Amino acid sequence: MNPANPNAIPRACVIGWPIRHSRSPLIHRFWLKKHGLPGDYVLREVEPEGLAGFISTMAQEGFVGCNVTVPHKEAVMPLLDRLDATAASIGAVNTIWREGTDWIGGNTDMIGLLANLDAEAPGWDACEIRAVVLGAGGAARAAVAGLVLRKAATVTIVNRSLDRAQRLAAAFAGRGTDIRISSAGQAAAALGEATLLLNATSLGMQSKEPLELDLAPLPAGAVVYDLVYVPLETDLLSQARARGLVCVDGLGMLLHQAVPGFAHWFGVTPQVDAALRAHVLASF
Ligand code: NDP
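The structure displayed is predicted, hence computed values, not measured ones.

## Considering the overall build of the protein chain
Scanning the protein chain for helices and strands turns up eleven helices and twelve strands. In terms of overall dimensions, the protein chain is globule-like: its C-alpha atoms have a radius of gyration of 19 Å, near the 19 Å expected for 284 residues. A principal-axis box enclosing the C-alpha atoms of the protein chain has dimensions of 60 × 40 × 35 Å. The 284 residues of the protein chain split such that 49% are buried. When contacts within the protein chain are restricted to residue pairs at least 6 apart in sequence, long-range pairs at least 24 apart make up 67% of them. On the protein chain, roughly 12,800 Å² of surface is accessible, and the fraction owed to carbon and sulfur atoms is 53%. If you average the places of the 23 positive and of the 26 negative side-chain charges in the protein chain, the two averages end up 2 Å apart.

## What to know about the pattern of salt bridges
Going through the model one piece at a time under the given rule, you end up with 13 salt bridges. The closest approach of N and O atoms between Glu 99 and Arg 82, which form a salt bridge, is 3.1 Å. With Glu 99 in strand β5 (residues 95-99) and Arg 82 in strand β4 (residues 82-83), this pair connects stretches of sequence that are 17 residues apart. Each of the salt bridges in this network shares a partner with another, and the network as a whole consists of Asp 118, Asp 125 and Arg 150.

## Description of the sheet that holds strand β8 (residues 154-158)
Across the sheet, six strands lie side by side as β9-β8-β7-β10-β11-β12; this open sheet has parallel pairing. Across the chains shown, the open sheet's two edge strands, defined by having one partner strand only, are β9 (178-182) and β12 (246-248). Within this sheet the neighbouring strands show an average axis-to-axis angle of 15 degrees, counted without direction. In this sheet, β12 lies alongside strand β11 (residues 223-226) in parallel orientation, the contact comprising three bridges. What sits directly across from Val 223, in β12, is Val 246. Running at roughly 140 degrees to β11, helix α4 (residues 109-120) makes contact with β10 (196-199), β11 and β12 of the sheet. Sitting on the sheet, helix α6 (residues 162-171) touches β8 and β9, and the angle it makes with β9 is about 180 degrees.

## A look at the sheet that holds strand β6 (residues 102-106)
With respect to topology, six strands assemble into an open sheet ordered β2-β1-β3-β5-β6-β4, the strand pairing being mixed. Each of the sheet's edge strands pairs with one partner strand only, and the pair in question is β2 (40-45) and β4. Direction of pairing for strand β1 (residues 11-16) relative to β2: parallel, over a ladder of six bridges. In the strand pairing of β2, Cys 13 is matched with Val 42. The strands that helix α1 (residues 24-34) touches are β1, β2 and β3 (63-68); relative to β2, the one it contacts most, it runs at about 165 degrees. On top of the sheet, helix α10 (residues 259-266) reaches β1, β2, β3 and β5; it is set at about 25 degrees to β5, its chief contact.

Cut-offs applied
- Sequence positions are assigned chain by chain, starting from 1 and proceeding in written order.
- Only residues with pLDDT of at least 70 get local features here, since the model is predicted, and only at 80 or more are side-chain atom pairs given and counted; chain-wide, interface and lining totals rely on the full set of residues.
- Where side-chain values are given, they derive from all heavy atoms of the structure, hydrogens and water being excluded.
- Strands are runs of DSSP state E lasting at least 2 residues, helices are runs of H or I lasting at least 4, and numbering of each runs from the N terminus.
- Each radius of gyration reported is based on C-alpha atoms, and the globular scaling rule is 2.2 Å times the count of residues to the power 0.38.
- Only protein chains enter the area calculation, which uses a 1.4 Å probe; residues under 20% of their type maximum are buried, those over 50% are exposed, and those in between are partly exposed.
- Only heavy atoms matter for contacts: two residues are in contact if any of them lie within 4.5 Å across the pair.
- The Shrake-Rupley method, run with a 1.4 Å probe sphere, supplies the accessible areas, and residue values consider only the shown protein chains as cover.
- The sign given to each residue is positive for Lys and Arg and negative for Asp and Glu; His and the chain ends receive no count.
- To locate a charge, take atom NZ for lysine, CZ for arginine, CG for aspartate or CD for glutamate.
- For salt bridges, the criterion is a side-chain nitrogen of Lys or Arg within 4 Å of an Asp or Glu carboxyl oxygen.
- At least two DSSP bridges between two strands are required for those strands to pair.
- Note on geometry: axes are C-alpha line fits, over the in-contact stretch for helices, and angles between N-to-C directions span 0 to 180 degrees.

Structure follows, in structure tokens:
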């Protein structure tokens, strides 16, 4: 509900710069229709210079909240009244909602990532988790936070920029998970004992450089999770599939991370199902 106008139809949006590529309206409009709810979800292009102005007038514009994407995920944090514990620990906000007159910033990437793994690779966390995470950016932070939450024994971070990997490892040190850093050239040892390999770099994305990694050292039961979803079947996943490994693509995370925002804004907790996936896939 919008406290400024309780009778208004709830509207949410996704803000970013640029924003035309976002699939979020497809997801939320699918759920609004499915549940017969009044409401709307729109794209809103917000330049970096316009971010503070947008947040300060969001309520007057009739928004009950928004998703936040590149490049605003960190810059938006000081503009909000409060962060939830997940956003504070990850250091980035991707979902904003209202509690009373306060704007709350949350991060649902971690929940989405874990929910997708649970759905597509059930039992992945039943044994001791030994993960290799490629990347140390925002998505990798969500991944490491989730792995620490699920009590991973080891997480090895492999990133081009060593300092960024070190900052990520330091942020989650002392929480019961042995967080290590490895260069790409020395990752074979970590891969050799990994139960999960997770790509959280932009390598392998359409129009980006390919991800070159030899999967031969991975044990037979390992799960390979690529957060990249354009293309959906990345070279990494094709290679893993050819070896008979369990594969998880990035589209599921995109769908699952949307669930908490929808629940906050529109009051119903929606399901991620095959129909939603097919609906979003049709836009690829
Ligand atoms: P960031 O820009 O924060 O991080 C990018 C990461 O990729 C960094 O670790 C960076 O390394 C690495 N990288 C980029 N270019 C190269 C290169 N040429 N060689 C080696 N490493 C490189 O992006 P995000 O963390 O937000 O996103 C990362 C990926 O995750 C993207 O593909 C994105 O689409 C995907 N993603 C998927 C989501 C989903 O719902 N499925 C949600 C969020 C992200 P360095 O630190 O050295 O620059």
